[in-house]
Amino acid sequence: MHLSENLRGILLMCTSMAAFTINDTFMKSVTQSLPLYQTIAMRGVIALVGLGLLAALTGAFRFRPSGRDGLLILLRSLADVAATILFLEALLRMPLANLSAILQALPLLITLAAALVFGDKIGWRRMTAILVGLVGVLLIIRPGTEGFDRWSLLGIASVLCVVVRDLAVRPIQGAVPSGLVALGAAVAVTAMGWIGAGIQGWKPVSPAEAAEVLAAGLFVIVGYLSSVSAMRHGDIGLVAPFRYTSLIWAIVLGLLVFGDLPDVWTLVGAAIVVGAGLFTLWREQRLRRPSRPVPASPDPVTPDPAR
């Protein structure tokens, strides 16, 4: 059966979001018994092998970035390390769906940060949508109430680190291969895992735990590859909104695997954040359309946060 480019892109994006969320599920499960940094180190080795092969097959190792691009890659890698630590520390202690709901604010915050840092123009409609989305985040974390989970602050901090990570990519020259940028971040995160494991300690790994870590590493690679492919098929304005399917996966897997179900306020807040994000994507697509069609991104970098 022949698939249109748009449908192919949508299916790839849904696959990517499912893969990343399944990875999160395995990581949350295995860190109940294994030290966090040991798990990061073990998963990192698997991701390095996969991304290293990808970089080799695409010729990324032949490219030599300039000194400026090298510093930007370093900044991005350090932000990725911080985002990974904060995300997994929060994931260890929070319901999967609650943390995923917070992460849905990422597109809104990147839009706002790009306006503040790079001077991107955003009209009052998109600014209103961003503010409404932030209200949705407040409903999810509910500071000052009995439903407040202090670990959700780590989730927010992780999102802010991802914003820094993604903004650091923008000034990098388009000729820099995305595989090289992603591999640099993977090296940094893996090195952080091994350093942390040396401090935190190392426990014997059972076959079941090894299988979970292996699965997490493989799903990270699948998520990365399918996300990159998704942004190369079809119209970005049509494909990008399907990033929000990660929340559906998080709710389903959180219930099936851990028995966690978000409360009503979390679901309401998540719906507000997703709705605001969809509106900003629709608005941006509409504003671009009169001038020229929006091409698919030729070389997108790492898609999602702190995974």
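Residues numbered from 1 in each chain as written. Predicted model: local features only at pLDDT ≥ 70, side-chain atom pairs only at ≥ 80, totals over all residues. Heavy atoms only, no water.

(A) Representation of the side chain of Thr31. With respect to the helices and strands, the residue Thr31 is situated in the loop between α1 (5-30) and α2 (36-57). Every residue in contact with Thr31, bar those within four places of it in the chain, is listed here: Leu36, Thr39 and Leu92. (Helix = DSSP H or I, 4+ residues; strand = E, 2+ residues; numbered from the N terminus. Contact = heavy atoms within 4.5 Å.)

(B) Local environment of the environment of Ile141. As for its placement among the helices and strands, Ile141 is situated in helix α6 (residues 124-141). According to the relative accessible area criterion, Ile141 is buried, its value standing at 6%. Distance in space between the C-alpha atoms of Ile141 and Arg286 is 32 Å, their sequence separation being 145 residues. Residues contacting Ile141, with those up to four places away along its chain left out, are Ile102, Gly147, Phe148, Asp149, Ser152 and Ile156. (Buried < 20%, exposed > 50% of the residue type's maximum accessible area, 1.4 Å probe, protein only.)

(C) Structural view of the packing of helix α3 (residues 67-93) against helix α7 (residues 152-169). One way to put it is that α3 packs onto α7 with a least axis distance of 8 Å and a crossing angle of 160°. Put simply, α3 runs roughly antiparallel to α7. Note on packing geometry: the crossing formed by α3 with α7 is left-handed. Between α3, through Leu72, Leu75, Arg76, Ala79, Asp80, Ala82, Ala83, Leu86, Phe87, Glu89 and Ala90, and α7, the contact on the second element is made entirely by Leu154, Gly155, Ala157, Ser158, Cys161, Val162, Val164, Arg165, Ala168 and Val169. Looking at the contact of α3 with α7, its residues break down into 15 nonpolar, two polar and four charged. (Axes fitted to C-alpha atoms, helices over the stretch in contact; angles between N-to-C directions. Parallel < 35°, antiparallel > 145°, perpendicular 65-115°, else oblique. Left-handed = near helix turned anticlockwise from the far one by under 90°. Nonpolar A, V, L, I, M, F, W, Y, C, P; charged D, E, K, R; others polar.)

(D) Up close: the environment of Trp194. Looking at the element boundaries, Trp194 is found in helix α8 (residues 178-200). The exposure class assigned to Trp194 is partly exposed, which follows from its relative accessible area of 42%. Those residues within four positions of Trp194 in sequence are excluded, and the remaining contacts are Ala41, Val45 and Trp202.

(E) Quick peek at the packing of aromatic side chains. Following the criterion strictly, the structure yields three aromatic pairs and no others. Relative to Phe219, the ring of Phe26 lies with its centre 6.2 Å away and its plane at 20°, an arrangement referred to as stacked. Linking Phe26 in helix α1 with Phe219 in helix α9 (residues 207-230), this pair joins segments that are 193 residues apart in sequence. Classification of Phe26 as partly exposed rests on a relative accessible area of 25%. When the centroid spacing of 5.3 Å and the interplanar angle of 15° are considered together, the rings of Trp194 and Trp202 count as stacked. (Phe/Tyr/Trp six-rings, centres within 6.5 Å; stacked < 30°, edge-to-face > 60°.)

(F) Quick look at α7. Under the 1.5 Å per step criterion, the end-to-end length of α7 is 26 Å for 18 residues, consistent within 8% with the ideal 26 Å. Among the residues making up α7, those that are buried are Ser152, Gly155, Ser158, Val159, Cys161, Val162, Val163, Arg165, Asp166, Leu167, Ala168 and Val169. Where α7 is buried, its residues contact α3, α4 (96-103), α5 (106-118) and α6. (Expected span 1.5 Å × (residues − 1).)

(G) Quick look at the pattern of salt bridges. Across all of its chains, the model carries seven salt bridges by this definition. Taking the shortest distance from any N to any O, the salt bridge between Asp69 and Arg68 comes out at 3.8 Å. In this structure, the salt-bridge partner of Arg76 is Asp80, at a minimum N-O distance of 4.0 Å. Residue Arg76 and its partner Asp80 are located together in helix α3, separated by four residues, close to a single helical turn. Judged by its relative accessible area of 0%, Arg76 is buried. By sharing partners, the salt bridges in this structure join Arg76, Asp80, Arg165 and Asp166 into a single network. (Salt bridge = Lys/Arg side-chain N within 4 Å of Asp/Glu carboxyl O.)

Such coordinate-based values are descriptive only and should not be taken to indicate function.
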